Amino acid sequence: MVAAQEVLHLYRMFLREGRKFNSYNIREYILRRARMGFHENKASPNADELVQQAREDLKMVQRQSLVYSLYGRGTKSILELTRSKDHGAAEDASQLA
Amino acid sequence: MLGPLRSAVLRHLRIPASGVGQVQSPISFSQIISRGFAGGFLDRDKVTERVVYVTKHFDKVDPNKVLPTATFDKDLGLDSLDVVELVMALEEEFGVEIPDAEADKISSIQDAVNYLMSNPLAK
């Protein structure tokens with residue numbers, strides 16, 4: 001049986017690594033997929049297998065994060081306008097207007 | 001030649017030390033801190049307010065239940081995975097990276113505030 005601590009550590013690493021992607025689509029996909037996967041299988045009986053799989057996937061995400069950082073462009077998606085620091089929805093609306 | 005006279009004068013000469021070189025209103029320690037390190041240590045009430053704000057905007061939390069005294073698991077009904085996410089959201093808000101060992105200990109709003117207050121990099 002794997003320790004809960006290790007699962008949480010893996011989860012945290014996924015979220016941390018996922019946040020690094022510049023591209024909105026990839027970043028949100030990886031974060032969404034990590035959230036979904038961990039939550040769906042939180043009471044799974046074959047946790048050992050899944051954790052092994054997660055370890056491999058994490059390595060893949062880490063490799064891809066490096067590759068994307070080499071080629072990523074700085075331009076932001078329109079969907080990211082709502083992610084400004086002040087959390088101001090009104091402000092974002094005025095940006096768009 | 002003037003030596004003995006000089007020492008005789010000096011022996012009786014006393015300049016009162018009071019009032020010289022004293023600052024009118026001494027600067028408090030916290031003022032020095034906030035001047036010296038821009039950002040510096042944060043105000044406890046403001047940190048609490050921001051932590052509550054982030055917690056209220058977390059998807060799985062009922063905003064009405066969020067009080068500064070709330071615990072994540074019992075009061076807000078979050079599981080350990082949700083707590084990891086919430087702590088990550090706090091990291092983003094305060095611009096710090098919380099190491100695993102510390103993040104595992106954060107299980108209530110008060111814990112989070114205490115940790116962020118003690119982290120000099122939090123802003």
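Look up: the structure comes first, before these words.
Residues numbered from 1 in each chain as written. Chains lettered and ligands numbered in written order. Predicted model: local features only at pLDDT ≥ 70, side-chain atom pairs only at ≥ 80, totals over all residues. Heavy atoms only, no water.

**A look at the pattern of salt bridges**
No. 1: Per the counting criterion, the structure on display carries 15 salt bridges over all chains.
No. 2: In this structure, the salt-bridge partner of Glu92(B) is Arg19(A), at a minimum N-O distance of 3.3 Å. Residue Glu92(B) is located in helix α4 (residues 80–94), and its partner Arg19(A) is located in helix α1 (residues 4–19); the two belong to separate chains.
No. 3: Owing to a relative accessible area of 27%, Arg19(A) belongs among the partly exposed residues under this scheme.
No. 4: In this structure, Glu93(B) engages Arg50(B) in a salt bridge whose closest nitrogen and oxygen atoms are separated by 3.0 Å. You can see Glu93(B) sitting in helix α4 and its partner Arg50(B) sitting in helix α3 (residues 44–56), a full 43 residues away along the chain.
No. 5: Salt bridges here are not isolated pairs; linked through shared partners, they connect Arg16(A), Arg19(A), Glu91(B), Glu92(B) and Glu97(B). (Salt bridge = Lys/Arg side-chain N within 4 Å of Asp/Glu carboxyl O. Helix = DSSP H or I, 4+ residues; strand = E, 2+ residues; numbered from the N terminus. Buried < 20%, exposed > 50% of the residue type's maximum accessible area, 1.4 Å probe, protein only.)

**Looking at α1(A)**
No. 1: The terminal C-alpha atoms of α1(A) lie 23 Å apart, and with 16 residues this matches the ideal 22 Å at 1.5 Å per residue to within 8%.
No. 2: Among all positions in α1(A), only Leu8(A), Leu10(A), Tyr11(A), Arg12(A), Phe14(A), Leu15(A), Arg16(A), Glu17(A) and Gly18(A) are buried.
No. 3: Packing partners of the buried residues in α1(A) comprise α2 (24–40) and α3 (47–71) of chain A together with α4 and α5 (100–103) of chain B. (Expected span 1.5 Å × (residues − 1). Contact = heavy atoms within 4.5 Å.)

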